[in-house]
Amino acid sequence: MALIAGELRVDSDNRIVIVASRWNPRIVDALIDGAQNALLAHGVTPDAIDVVRVPGAWEIPMVAARLAASGRHAALICLGCVVRGDTRHYEHVADGCAQGLMRVSLDYRVPVLNGVLAVEIHEDALARAGGTHGNKGADVAVAALEMIDLWRKM
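What this report covers is the structure whose coordinates are included nearby. (Residues numbered from 1 in each chain as written. Predicted model: local features only at pLDDT ≥ 70, side-chain atom pairs only at ≥ 80, totals over all residues. Heavy atoms only, no water.)

### Considering the packing of helix H1 (residues 25–41) against helix H5 (residues 136–153)
Running from N to C, H1 and H5 point in directions that differ by 40°, and their axes come no closer than 6 Å. Classified by the interaxial angle, the pair formed by H1 and H5 is oblique. Taken as a pair, H1 and H5 cross one another with a handedness that is right-handed. Contact with H1, carried on its side by Leu31, Gly34, Ala35, Ala38 and Leu39, involves Lys136, Gly137, Ala138, Ala141, Val142 and Leu145 of H5 and no other residues of that element. A class-by-class count of the residues in the contact of H1 with H5 yields eight nonpolar, two polar and one charged. (Axes fitted to C-alpha atoms, helices over the stretch in contact; angles between N-to-C directions. Helix = DSSP H or I, 4+ residues; strand = E, 2+ residues; numbered from the N terminus. Parallel < 35°, antiparallel > 145°, perpendicular 65-115°, else oblique. Left-handed = near helix turned anticlockwise from the far one by under 90°. Contact = heavy atoms within 4.5 Å. Nonpolar A, V, L, I, M, F, W, Y, C, P; charged D, E, K, R; others polar.)

Quick look at the structure:
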């Protein structure tokens, strides 16, 4: 039986884009740093990484779709943070963003990694942006490299 799996290999011809919201900057900036540091640590050159900032998590899928349509990037790393508040707005934004990112991935057949945190309280986000739960930006960056390699193999 054949096993096909992505590995942590970097192809110098591949560009990666990080699409990140400006909302909750303390958290999102830490996620971006984690993603960039992980990519660089695995051999991606700085000039192969693009960063696009958008107002909030709601805008990430539409910008991701435009970037995916361009065909310039081997993977899209999407980062943001949505914190539950007193209204249902949290559910609309978090769920809409996740569904939109999946749609972009399926429609354009490019790896789209969802690093948009959807948390109950800010402390949960801080724990996932370099705190006790690591850095989810770094985690999705590593997953992006594996997916790029898997895509190549398939």
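Still more ground to cover, so stick around.
### Overview of the environment of isoleucine 148
Examined against the element boundaries, isoleucine 148 turns out to sit in helix H5. What makes isoleucine 148 buried here is its relative accessible area of 11%. Through-space distance from the C-alpha of isoleucine 148 to that of leucine 8 is 8.9 Å; in sequence the pair is 140 residues apart. Excluding residues within four positions of it along the chain, isoleucine 148 makes contact with Asn14, Ile16, Ala74 and Ala75. (Buried < 20%, exposed > 50% of the residue type's maximum accessible area, 1.4 Å probe, protein only.)

### Re a nonpolar patch on the surface
Side chains of Ile4, Trp151 and Met154 sit close together on the surface and give an oily, nonpolar patch of about 370 Å² of accessible area. Structurally, tryptophan 151 can be placed in helix H5. The exposure class assigned to tryptophan 151 is partly exposed, which follows from its relative accessible area of 38%. (Patch = residues over 30% accessible without salt bridge, like charges linked within 9 Å, V, L, I, M, F, W, Y side chains within 5 Å. Areas by Shrake-Rupley, 256 points an atom, 1.4 Å probe, with all protein chains shown as cover. Salt bridge = Lys/Arg side-chain N within 4 Å of Asp/Glu carboxyl O.)

### Points about the sheet that holds strand S2 (residues 49–54)
A sheet is described by the order of its strands in space; here four strands give the open sequence S2-S1-S3-S4, paired in parallel fashion. Only two strands of the sheet have a single neighbouring strand rather than two, namely S2 and strand S4 (112–119). Strand-to-strand twist across the sheet, computed as the mean angle between neighbouring axes with direction ignored, equals 15°. Where H1 meets the sheet, its contacts fall on strand S1 (16–21), S2, strand S3 (75–83) and S4, and the angle it forms with S3 comes to roughly 155°. The strands touched by helix H2 (residues 60–70) within the sheet are S1, S2, S3 and S4, with S3 carrying the most contacts at an inclination of about 175°. (Pairing = 2+ DSSP bridges.)

### Examining the nonpolar core
By size, the foremost hydrophobic cluster in this structure holds 31 residues, and its most contacted members are Ile18, Leu39, Ile77, Leu79 and Cys81. Elements that contribute at least two residues to this core include exactly S1, H1, S3, S4 and H5. Apart from residues lying up to four places away in sequence, cysteine 81 is in contact with Ser21, Trp23, Asn24, Ile27, Val28, Val116, Leu117, Val119 and Ala125. Core analysis: the second largest hydrophobic core is formed by 21 residues, Val17, Ala68, Val82 and Ala94 among them. (Core = buried A, V, L, I, M, F, W, Y, C linked by side-chain atoms within 4.5 Å.)

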